[in-house]
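# Structure at a glance
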Amino acid sequence: MGVVLRMYLLLAALFAFLYGIVLLVGSLIGVGSFLVYGIIAVVFMLIQYLIGPAMVGWTMKVRYVTEKEEPVLHRMIGELAEAAKLPKPKVGVSALSIPNAFAFGRTTRDGRICVTEGIRKLLKEDELRAVLGHEMSHLKHKDMALMTLLNIFPMIIYYVAMTLMWSGILGGGDRDRRGGSNPLPLIGIGLLVVHFIVQLMVLYASRLREYYADEGSVELGSKPQHMATALYKLVVGSAKASSGELKQVEGAKAFFVNDPSRALLEVRELKEIDQDMSGSIDVGELMVLRSKKVKVGFGEKMMEALSTHPNMLKRIKHLSSLT
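An account of the accompanying structure is given in this report. Since we're looking at a predicted model, the values are computed, not measured.

When its secondary structure is counted, the chain shows 13 helices and four strands. Sorting the 323 residues of the chain into buried and exposed places 49% on the buried side. In the chain, the proportion of contacts linking residues at least 24 apart, taken out of those at least 6 apart, comes to 73%. Counting only carbon and sulfur atoms, one obtains 64% of the accessible surface of the chain, whose full area is about 15,700 Å².

The subject of this paragraph is the packing of aromatic side chains. Scanning all chains against the criterion turns up two aromatic pairs. Where Phe-102 meets Phe-104, the ring centres are 6.0 Å apart and the plane angle is 20°; that geometry is what we call stacked. Considered together, Phe-102 and Phe-104 belong to a single accessibility category, that of buried residues. Centre to centre, the rings of Phe-102 and Phe-256 are 6.0 Å apart; their planes meet at 50°, and the pair counts as tilted. Here Phe-102 is found in strand β3 (residues 101-104), whereas its partner Phe-256 is found in the loop between α9 (243-248) and α10 (263-270), with 154 residues between them in sequence. Residue class for Phe-256 comes out buried when judged on its relative accessible area of 1%.

This part takes up the sheet that holds strand β2 (residues 90-94). Read across the open sheet, the four strands follow the order β1-β2-β4-β3; overall the sheet is mixed. Each edge of the open sheet is held by one strand with a lone partner, namely β1 (62-64) and β3. Strand-to-strand, the axes of this sheet are offset by a mean angle of 30°, without reference to chain direction. Pairing between β1 and β2: three bridges, direction antiparallel. Of the residues in β2, the one forming a bridge with Arg-63 is Val-93. Against the sheet, helix α3 (residues 71-84) contacts β2 and β4 (112-116), and its axis sits at roughly 135° relative to β2.

For side chains bearing opposite charge, pairing can occur when the charged atoms are close. Inspection of the entire model under this criterion finds 17 salt bridges. The partner of Glu-125 in a salt bridge is Arg-75, and the shortest N-O contact between them spans 2.8 Å. Highlighted residues: Glu-125 in helix α5 (residues 125-140) and Arg-75 in helix α3, separated in sequence by 50 residues. Under the relative-accessibility criterion, Glu-125 is labelled partly exposed at 43%.

Glancing now at the side chain of Glu-285. Summarising the element assignment, Glu-285 is placed in helix α11 (residues 283-290). One buried charged side chain, Glu-285, makes no salt bridge at all; its nearest oppositely charged neighbour is Lys-292, positioned 10 Å away. A distance of 3.0 Å separates the side chain of Glu-285 from the backbone nitrogen of Gln-275, its partner in a polar contact. Setting aside chain neighbours within four positions, we find Glu-285 in contact with Ile-273, Asp-274, Gln-275, Asp-276 and Ser-280.

One can find Met-227 in helix α8 (residues 224-239). Taking the C-alpha atoms as reference, Met-227 lies 8.3 Å from Leu-128; in sequence the two are 99 residues apart.

This part takes up the environment of Val-288. Within the secondary structure layout, Val-288 lies in helix α11. Sequence-wise, Val-288 and Lys-317 are 29 residues apart; in three dimensions their C-alpha atoms are separated by 9.8 Å.

The next point concerns the side chain of Glu-70. Position of Glu-70 relative to the elements: it lies in the loop between β1 and α3. Setting aside anything within four residues of it in sequence, one finds Glu-70 in contact with Val-65, Val-93 and Arg-120.

A surface patch of nonpolar side chains, about 830 Å² in accessible area, is lined by Ile-39, Val-43, Leu-46, Ile-47, Leu-50, Ile-51, Met-55 and Trp-58. Turning to its location among the elements, Leu-46 is positioned in helix α2 (residues 31-59). The class of Leu-46 is partly exposed, set by a relative accessible area of 47%.

A few words on the pairing of β4. Counting buried positions along β4 yields five of five residues, so the element is predominantly enclosed. Side chains of β4 alternate between two faces, with Arg-112, Cys-114 and Thr-116 and Ile-113 and Val-115 buried alike. Pairing of β2 with β4, which is carried by five bridges, proceeds in the parallel orientation. Looking at the pairing, Val-91 lines up with Ile-113 of β4. Pairing analysis gives four bridges linking β3 to β4, with the strands arranged antiparallel. Each bridged residue has a counterpart across the sheet, and for Phe-102 the counterpart in β4 is Cys-114.

Rules used throughout
- Residues numbered from 1 in each chain as written.
- Predicted model: local features only at pLDDT ≥ 70, side-chain atom pairs only at ≥ 80, totals over all residues.
- Heavy atoms only, no water.
- Helix = DSSP H or I, 4+ residues; strand = E, 2+ residues; numbered from the N terminus.
- Buried < 20%, exposed > 50% of the residue type's maximum accessible area, 1.4 Å probe, protein only.
- Contact = heavy atoms within 4.5 Å.
- Areas by Shrake-Rupley, 256 points an atom, 1.4 Å probe, with all protein chains shown as cover.
- Phe/Tyr/Trp six-rings, centres within 6.5 Å; stacked < 30°, edge-to-face > 60°.
- Pairing = 2+ DSSP bridges.
- Axes fitted to C-alpha atoms, helices over the stretch in contact; angles between N-to-C directions.
- Salt bridge = Lys/Arg side-chain N within 4 Å of Asp/Glu carboxyl O.
- Lys, Arg positive; Asp, Glu negative; His and termini not counted.
- Polar contact = N/O pair within 3.5 Å; in protein donor to acceptor, adjacent residues only side chain to side chain.
- Patch = residues over 30% accessible without salt bridge, like charges linked within 9 Å, V, L, I, M, F, W, Y side chains within 5 Å.

Here you go:
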């Protein structure tokens, strides 16, 4: 099923979840009370949406650079913006040593694309262009606005669940005023389970957008083998990072092209693709992978379900289908 279709189906499922909860909670505590929590969640997400770019830039130690300072980066990003029919984003360089790139911004007119110091020492120009195309696609797809919207769902459900639990506890435990059982704590616990399920759905949406951005990079002119090689090199580079470096980016890794914290496990899987041990993935190796069935262990499947990024072997397998 196409990535875009899956994203629309996921949005529909999340809205259906929320509608069902509105009916349930509305009958228990009143729709007005539920709307209060919905408004609180929306306000929190709006604040995050407004101050998010400044927070990301500060966390990632970004320095915005001029065309004179970084002519190659500006040229590539300018060409990609023209191909994507977007305004040219601001260009930034992060002082982080972990090789990666990221894009953020409230709107396409407020877009920023940044690279770390580490990635510029690792990738060839075609590979770097593929990564920048991936990030340009995130801006084109309005991913920041999408993820802000999606995160409203688990936030509202969490607020409602905690309110029901505390209302039941403070209102007399398991008994209501008439001596009957008070269902609110149990319903609150049930909603926490729903919250966990919805959070998994949001993480799934985050993984879908990575596949979508990989496709977008190819649509903007990069070859699948260049994107695949870039991902392979980013995994290898991240696997060499120290625990201190990984901890430094823990709160911001959702913005990255890959998840650095999973690199040590992923690098073992990806070595099977690099058959000639050249450190890159060529068209022939992609074609071999295209004809194979990818097998991912149970442990890795569980890690993927709790991650913002897809399993890298599956991701490069998807790229092989674009050759």
